[in-house]
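Analysis of the macromolecular model
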Amino acid sequence: MKKLLLKLSFILLFLLPVFVSAHQPNQSFIYFRVYEEAGIEGRFDVHVRELNAIFNLNLSEYPREQDIAPHLERIHKYLLEKTKISSVYGDYKIIMLDKYVMMPVVEGSFVQFFFTLEDSEKLPDELEITYTAFFDQDPRHVMYVAFEYNWKAGLINNEMLLALNYTKDSTTQKLSLTDTSIWKGFVAMIKQGVWHIWIGFDHILFLLALILPSVVRRKKSAEVTDDIGAKPKFNIWGWEPVQKFRPAFIYILKVVTFFTIAHTITLSLASLNIVSLPSRVVESIIALSIGLAAYHNIKPIFKGKDWLIAFVFGLFHGFGFASVLADLGVKGEFLTLTLLGFNVGVELGQIAIIALIFPVLYFIRKLKLYPKFLVFLSALLIVISLYWFVERAFDIDMVLDEKIMRFGGDILRALGLR
C-alpha cells in the first residue's frame, strides 16, 4: 500500500503543475461613459496575455504602445466581430478610435481600446450587450461591464462600478442606464470572490493542508526510541482519530476564522493603498505557505497552535486577493461595497470547498490508512509548494525533467517517505 501511495503521489506531483494554474482567471472589461448630450462612448480593456493567445503574438507582459500599433487593425476587427450593442432604438454601430492606452497592473498589462456608439445621443434606459470574445479560446474567461461615468444614473465622479459579468454560458445581458446597479455590482463582486477562490489552486491547497489534521490528533507520545540509549526519533505516523464530530468541527472553525481575519485585514489595507508589497514577494510566500502548513502536519512547527499558521500566512493570502481588485481597477465611493462583496465571495467559496472536503475526511478518519494518507499528501503538497515557489521567486518556467524528478525524490527521502 505504501508503494502504491508513493506511485500515486509521484503521478500527481508531475501532472498537477502542468494542468493546474494558481494564477488569476483571464479577464476583460467594457467601461461605459454615458453623457447627457454627447451620447455613449467607452473602451475595451484587454490583457496582453489574451492578445498573445488569440493573435499568436509574442508581446511582453508590459509592452510599449508602439508594440501594439502593427496589430491594431486586427484587434479592432476581432472586438467588433465579437461585440454587439443595441437598445430600443436599434443596433448601434461601434466606432473604434485610433486611441489606445497601456494600463500596467499587478500581473502584466491591459491595453485600453476606445470606441464610441454612433447615433447614441438619444439615451435609452438600457442597453443589450452581446460579447463572445475570448470564450472559445479560454472557457474560464470572465468579462465585466462597468460604468466609468453615467449621467443618467448620477455617477459623475469617475466611479468605476461593476454592473455585469459575462461568462461563456452568459454572453448576452441587459445593462440599465438609469439604475446605479449598486446591488448588481455587489453581487458581481461576490461572484468574483467565489470564482477567485475556486480557481486559485494555491489558496485551495493551503486550505487543504490546514484541514487535513482536523479529524485526527497526535498521539500523546509522538516520539519513539528504536534502541536503548538511542536519540528519540519523531514518529510521523503518530496520529489517532477524533472520536466525536465536535472537536473536529471546532478545529475547522478556529483555523478558518483566523485565516479569514488575517486575509480580511491585509485585503483592506492593500485595497485602500495603506500597505503595499511587491507581487512577486506575495505570490512566492503564498506558494511557500502551502509547504510550511503541510510540513506542520508531518512535524509540528507550532505545537498546539495550528491557527497561528493560518493567521500568519493568511495575511499574505490577503495581499494576493488584493491584487485581483487592483487588476479590476475598481475605485471611488463604492470601494467599501466592493471590498465587502469580494470578501463575502471568498468566504462563501471557502465554505463550499470545506463542505466538500471535510465530510470525506471525517468519514475516513478511522481507517488505518489515514495517517499515511495525511503524511503522503502533505509531502506532495510540500513538493508542489517548492515547485511554485521557485517559479514565482525566480520568475522562471520550470520544465518537468529528470532534475525535477530527482528533486521530488530527494524531498520524499528527506521526509523519510522513500
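Parameters and conventions
Residues numbered from 1 in each chain as written. Predicted model: local features only at pLDDT ≥ 70, side-chain atom pairs only at ≥ 80, totals over all residues. Heavy atoms only, no water. Helix = DSSP H or I, 4+ residues; strand = E, 2+ residues; numbered from the N terminus. Buried < 20%, exposed > 50% of the residue type's maximum accessible area, 1.4 Å probe, protein only. Contact = heavy atoms within 4.5 Å. Areas by Shrake-Rupley, 256 points an atom, 1.4 Å probe, with all protein chains shown as cover. pLDDT = per-residue confidence, 0-100. Phe/Tyr/Trp six-rings, centres within 6.5 Å; stacked < 30°, edge-to-face > 60°. Pairing = 2+ DSSP bridges. Axes fitted to C-alpha atoms, helices over the stretch in contact; angles between N-to-C directions. Parallel < 35°, antiparallel > 145°, perpendicular 65-115°, else oblique. Left-handed = near helix turned anticlockwise from the far one by under 90°. Nonpolar A, V, L, I, M, F, W, Y, C, P; charged D, E, K, R; others polar.

A tally of helices and strands in the protein chain yields twelve helices and 14 strands. A buried classification covers 52% of the 418 residues belonging to the protein chain. Sequence-distant contacts in the protein chain: of pairs separated by 6 or more residues, those separated by 24 or more amount to 75%. Accessible surface, the protein chain: about 20100 Å² in total, of which carbon and sulfur atoms supply 60%.

Another aspect to go through is the confidence of the model for the protein chain. Put simply, the protein chain has an average pLDDT of 80, and 77% of its residues get 70 or more. Low pLDDT, under 50, characterises residues 4-25; the stretch is placed with 48 contacts to residues that sit more than four places away or in other chains. Across residues 400-405, where pLDDT falls below 50, the model places nine contacts with residues more than four positions away in sequence or in other chains.

For the rest of this paragraph, the subject is the packing of aromatic side chains. The geometry of an aromatic ring pair is captured by the separation of the ring centres together with the interplanar angle, meaning the angle of the planes. Scanning the model with the defined rule gives 18 aromatic pairs in all. With centroids separated by 5.9 Å and ring planes inclined at 10°, the aromatic side chains of Phe29 and Tyr31 adopt a geometry described as stacked. Accessibility assignment for this pair places Phe29 and Tyr31 in one class, buried. A ring pair is formed by Phe321 and Phe342, whose centres lie 6.4 Å apart and whose planes are at 65°; its orientation type is edge-to-face. In this pair, Phe321 sits in helix H9 (residues 306-328) while Phe342 sits in helix H10 (residues 335-364), placing the two residues 21 residues apart along the sequence. On the accessibility criterion, Phe321 (0% relative accessible area) is buried.

The four strands are arranged E4-E3-E7-E10 in an open sheet whose pairing can be described as antiparallel. In this open sheet, the two edge strands, each paired with only one partner strand, are strand E4 (90-91) and strand E10 (172-176). Pairing between strand E3 (residues 83-87) and strand E7 (residues 126-131): four bridges, direction antiparallel. Residue pairing across strands places Lys84 opposite Thr130, the latter belonging to E7. Along the sheet face, helix H4 (residues 72-82) touches E3 and E7 and points at about 50° away from the line of E3.

Okay, the pairing of strand E8 (residues 142-150) next. Counting buried positions over the nine residues of E8 gives nine, a clear majority of the element. In this sheet, E8 lies alongside strand E1 (residues 27-35) in parallel orientation, the contact comprising eight bridges. Residue pairing across strands places Ile30 opposite Val145, the latter belonging to E8.

Our focus in this paragraph is helix H2 (residues 48-55). Along H2, the positions that sit buried rather than exposed are Val48, Glu50, Leu51, Asn52 and Phe55. Those residues of H2 hidden inside the fold are in contact with E1, strand E2 (39-47), helix H3 (65-68), H4 and strand E6 (109-117).

It helps to recall that an α-helix has 3.6 residues per turn; residues three or four apart then point in one direction. Of all eleven residues in helix H6 (residues 201-211), ten are buried, a share of seventy percent or more. Along H6, the positions that sit buried rather than exposed are Asp202, His203, Ile204, Leu205, Phe206, Leu207, Leu208, Ala209, Leu210 and Ile211.

With that settled, consider the packing of helix H8 (residues 279-298) against helix H11 (residues 370-394). Their axes nearest at 8 Å, the elements H8 and H11 cross at an angle of 160°. If you check the angle between H8 and H11, you find them roughly antiparallel. Both H8 and H11 take part in a crossing whose hand is left-handed. Taken together, the residues of H11 that come into contact with H8 (itself represented by Arg280, Glu283, Ser284, Ile286, Ala287, Leu288, Ile290, Gly291, Ala294, Tyr295, Asn297 and Ile298) are Leu374, Val375, Ser378, Ala379, Leu381, Ile382, Ser385, Leu386, Trp388, Phe389, Arg392 and Ala393. Considering only residue class, the contact of H8 with H11 consists of 16 nonpolar, five polar and three charged.

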